[in-house]
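# Architecture and fold: a report
Here is how the chains run, residue by residue.
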Number of protein chains: 2
Amino acid sequence: MSVDDAKIGIVGGAGPYAGLDLAQKILEQTIAEKDQDYLPTLLISTPDKIEDRTRFLLGEITSNPAHSIFRNLCDLKTLGASVVGIPCNTAHAPAIKDVFLEKWKQSGKCLKIIDMISETIFFLQENCPEVKTVGVLSTIGTWKAGFYPELLSASGYEIRTLNEAQQQHLHNEALFNPEHGIKVQAHPVTEKAKNVLLEGIGILEKQGVQAIILGCTEIPLGLPERKISEIYLLDPGLILARALIREFKPEKLLPWTWEI
Amino acid sequence: MSVDDAKIGIVGGAGPYAGLDLAQKILEQTIAEKDQDYLPTLLISTPDKIEDRTRFLLGEITSNPAHSIFRNLCDLKTLGASVVGIPCNTAHAPAIKDVFLEKWKQSGKCLKIIDMISETIFFLQENCPEVKTVGVLSTIGTWKAGFYPELLSASGYEIRTLNEAQQQHLHNEALFNPEHGIKVQAHPVTEKAKNVLLEGIGILEKQGVQAIILGCTEIPLGLPERKISEIYLLDPGLILARALIREFKPEKLLPWTWEI
């Protein structure tokens, strides 16, 4: 595979809409005037093979989704991916991420895997220098894994999160509800799901956050705004899209703006 | 590659938003309650490698996009695609399609390539039995290639299309305008682009059409309606999404409805 065939790779399917959302954000963040100006991408989406990340972290299932993610990384590499993103916050929990990264290291193959969580904190530092207090909305799996608060603390931020009952409610109603949750109804997101997300924002706002990380790739589908009443809303998927373009072809990256 | 690894393949990049749009329509047309219920898909998008289909058909460039499409078909097959769709109407012009199909036949590989154009006419016959007069909106390349009118006539339909100047205007302004065309601004489609499409609908309506084929994969991004004033709007990308599910796992296909 020559350098000429290099592509941006996406491990999709976790969940399926998040993979597409990342692919779309890569298009939107690319400087382009015609079809041929866009970057080559490769999206593998095997939702049927990637176990529920939250259920694994909670110990409800024993099969680690890391193995399917590793397999997708191998397939992406086979078809020429040179840099890869995994648009699933929960899959970045160390219990999952460390396993697929270790397997990848053992394989000896070359591929730049972008860490969406580190990129998000890096983006916050670069683009919101005045921010000191940060909130997080996520799945209950990401909440329990606690990697966002841990990394944010290590970078000197004050952290605010929902309490467990509030976070469980957001997980169940906005994301996983089988009728109105974003996992099954993403285009458009239902009013019910959106309202549950706005409730979450309201709770964090009362705790004085200046920025909120939308720490599940489905949440920004319901909250596409980049700011709500002076609070920055950080979309890790959007940040990942920009990081992938930056690594693949930096001259194609649109300048950042808080306006949409 | 075992049967267990079979996937739906998408030749994307022609144009880039059309590939994503097909992937999204596959999700939307799938019966699913959770991530793991969705079907495995593989999207290769190499817009930088696939020459402009219209410019090739008009003789402005000599390199046939069929060769890049063939290469993408090979890559999709390598990673386990068992059925493939190509969400680009213009790429179904015989001058392009016959070339990649002949190369594929020569390769001796096994893969079901769904013909979006034939599927659209089949869908029209099945779902709109009262329709006799059909209009087409498309790129100027598809207009000049004339395969929609030809196939529709062969199936007994009366055809209405824009005249060349009207079709060129729609091509230039709704699709390819470097500032407001759908090729560069798809989410959301600009008001300007949408109005140009509605003008096209109005012209065909005056000619008495009962159904209109939105014969460029970008057009339905600006006209997501399934009916406008009793005229059926047929989206070949949506029909292709349904055909791919039907071929891959028919029990997962949502029943059809004209309501959205």
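Residues numbered from 1 in each chain as written. Chains lettered and ligands numbered in written order. Predicted model: local features only at pLDDT ≥ 70, side-chain atom pairs only at ≥ 80, totals over all residues. Heavy atoms only, no water.

Below, the discussion takes up the side chain of Gln24(A). Following the sequence through the fold, Gln24(A) ends up in helix H1 (residues 16–28). By relative accessible area, Gln24(A) is classed as buried at 14%. Other than its neighbours up to four places away in sequence, Gln24(A) contacts Tyr17(B), Leu20(B) and His187(B). (Helix = DSSP H or I, 4+ residues; strand = E, 2+ residues; numbered from the N terminus. Buried < 20%, exposed > 50% of the residue type's maximum accessible area, 1.4 Å probe, protein only. Contact = heavy atoms within 4.5 Å.)

Under the fitted operation, chain B is carried onto chain A by 0.0 Å of movement along the axis and a turn of 180°, and the coordinates agree to an RMSD of 0.0 Å. Read as a symmetry element, the transformation amounts to a two-fold axis. Taking the C-alpha atom as reference, chain B places Leu43(B) closest to the rotation axis, 2.5 Å from it. (Least-squares fit on C-alpha atoms with pLDDT ≥ 70 in both.)

The next thing to look at is unusual backbone geometry. Residues and elements named next belong to chain A. Following Ala 14, the chain continues to Gly 15 via a peptide bond in cis, the omega torsion being -10°. Its place among the elements puts Gly 15 in the loop between strand E1 (7–12) and H1. Phi at Ser 229 takes a positive value of approximately 35°, unusual for a residue other than glycine. The residue Ser 229 is located in the loop between strand E8 (227–228) and strand E9 (231–234) in this model. Ser 229 gets classed as partly exposed once you look at its relative accessible area, which sits at 49%.

All names here are of chain A. Buried within helix H7 (residues 147–154) are the following residues: Phe 147, Tyr 148 and Leu 152. For H7, the buried positions fall inside an angular range of 125° around the axis, keeping them on one side. In H7, the exposed positions that point more than 90 degrees away from the buried face belong to Glu 150 and Ala 154. One or two residues past the end of H7 sits Gly 156, with phi positive at roughly 90°. (Arc of directions from axis to C-beta.)

Right, let's talk about the side chain of Asn64(B) for a bit. Residues and elements named next belong to chain B. Looking at where Asn 64 falls in the secondary structure, it is placed in the loop between helix H2 (53–57) and helix H3 (66–78). A distance of 2.8 Å separates a polar side-chain atom of Asn 64 from the backbone nitrogen of Ala 66. Separated by 3.0 Å, the side chain of Asn 64 and the backbone oxygen of Ala 95 make a polar contact. The residues touching Asn 64, leaving out its near neighbours within four places in the chain, are Glu 51, Phe 56, Ala 95, Ile 96 and Val 99. (Polar contact = N/O pair within 3.5 Å; in protein donor to acceptor, adjacent residues only side chain to side chain.)

All names here are of chain A. What the domain assignment lists for chain A is domain 1 (3–115 + 239–252) and domain 2 (117–235). The interface of domain 1 with domain 2 comprises 24 residues on the first partner and 30 residues on the second. Summed over both sides, the interface between domain 1 and domain 2 buries roughly 2000 Å², with carbon and sulfur atoms accounting for 57% of that surface. Remark: the boundary between domain 1 and domain 2 carries 2 salt bridges. With a shortest N-O distance of 2.6 Å, Asp 235 and Lys 25 are connected by a salt bridge. At the junction of domain 1 with domain 2, the criterion picks out 13 residue pairs in polar contact (both at pLDDT 80 or more). At the level of elements, H1, helix H2 (53–57) and helix H11 (236–248) are the ones that each hand at least two residues to the side of domain 1 that touches domain 2. For the side of domain 1 that touches domain 2, the element with the most residues is H1, which contributes 4 residues. (Domains from an automatic or database assignment. Buried area = accessible area lost by both parts, 1.4 Å probe. Salt bridge = Lys/Arg side-chain N within 4 Å of Asp/Glu carboxyl O.)

Before going further, it helps to examine the sheet that holds strand E6 (residues 158–161) of chain A. Residue and element names in this part refer to chain A. Across the sheet, which stays open at both edges, the 5 strands sit in the order E6-E5-E7-E9-E8 with mixed pairing between neighbours. The sheet terminates laterally at E6 and E8, the two strands that pair on one side only. Of the pairings in the sheet, the one linking strand E5 (residues 133–138) to strand E7 (residues 211–215) comprises 5 bridges and is parallel in character. By the bridge assignment, Val 134 is partnered in E7 with Ala 211. Across the face of the sheet, H7 comes into contact with E5, E6 and E7 while running at roughly 160° to E6. (Pairing = 2+ DSSP bridges. Axes fitted to C-alpha atoms, helices over the stretch in contact; angles between N-to-C directions.)

With that settled, consider the pairing of E1(A). Residue and element names in this part refer to chain A. Taking burial as the measure, the 6 residues of E1 include 6 buried ones, the bulk of the element. Along E1, one buried face is formed by Lys 7, Gly 9 and Val 11 and the opposite face, lined by Ile 8, Ile 10 and Gly 12, is buried too. Where E1 meets strand E3 (residues 81–85), 4 bridges bridge the pair, whose relative direction is parallel. Residue pairing across strands places Gly 9 opposite Val 84, the latter belonging to E3. Sheet analysis places E1 next to strand E2 (residues 41–45), joined by 5 bridges and oriented parallel. Each residue of the ladder has a partner; that of Ile 8, found in E2, is Thr 41.

A few words now on the packing of H3(B) against helix H4 (residues 94–107) of chain B. Residue and element names in this part refer to chain B. At their nearest, the axes of H3 and H4 sit 8 Å apart, and the two run at 40° to each other. Relative to H4, the element H3 is oriented oblique. As H3 runs across H4, the sense of the crossing is right-handed. Here Ala 66, His 67, Ile 69, Phe 70, Leu 73, Cys 74 and Lys 77 of H3 come into contact with H4, specifically with Ile 96, Val 99, Phe 100, Lys 103, Trp 104 and Ser 107. Its residues assigned to classes, the contact of H3 with H4 comprises 9 nonpolar, 2 polar and 2 charged. (Parallel < 35°, antiparallel > 145°, perpendicular 65-115°, else oblique. Left-handed = near helix turned anticlockwise from the far one by under 90°. Nonpolar A, V, L, I, M, F, W, Y, C, P; charged D, E, K, R; others polar.)

The next point concerns the environment of Lys25(A). Residue and element names in this part refer to chain A. If you trace the backbone, Lys 25 turns up in helix H1. For Lys 25, a relative accessible area of 10% gives the class buried. Setting aside residues no more than four positions away along its own chain, Lys 25 makes contact with Pro 220, Asp 235, Gly 237, Leu 238 and Ala 241.

Interfaces are often sized by the accessible area lost when the parts come together. Taken together, the contact between chain B and chain A spans 41 residues of the former and 41 residues of the latter. For the pairing of chain B and chain A, the buried interface totals around 3600 Å² over both sides, and the portion due to carbon and sulfur atoms is 54%. Summed over the shared surface of chain B and chain A, the number is 6 salt bridges. Across the pair Lys183(B) and Asp35(A) runs a salt bridge whose closest N-O atoms are separated by 3.1 Å. Where the side of chain B that touches chain A is concerned, the elements lending two or more residues are helix H1 (16–28), strand E2 (41–45) and H3 of chain B. Within the side of chain B that touches chain A, the residues separate by chemical class into 17 nonpolar, 9 polar and 15 charged.

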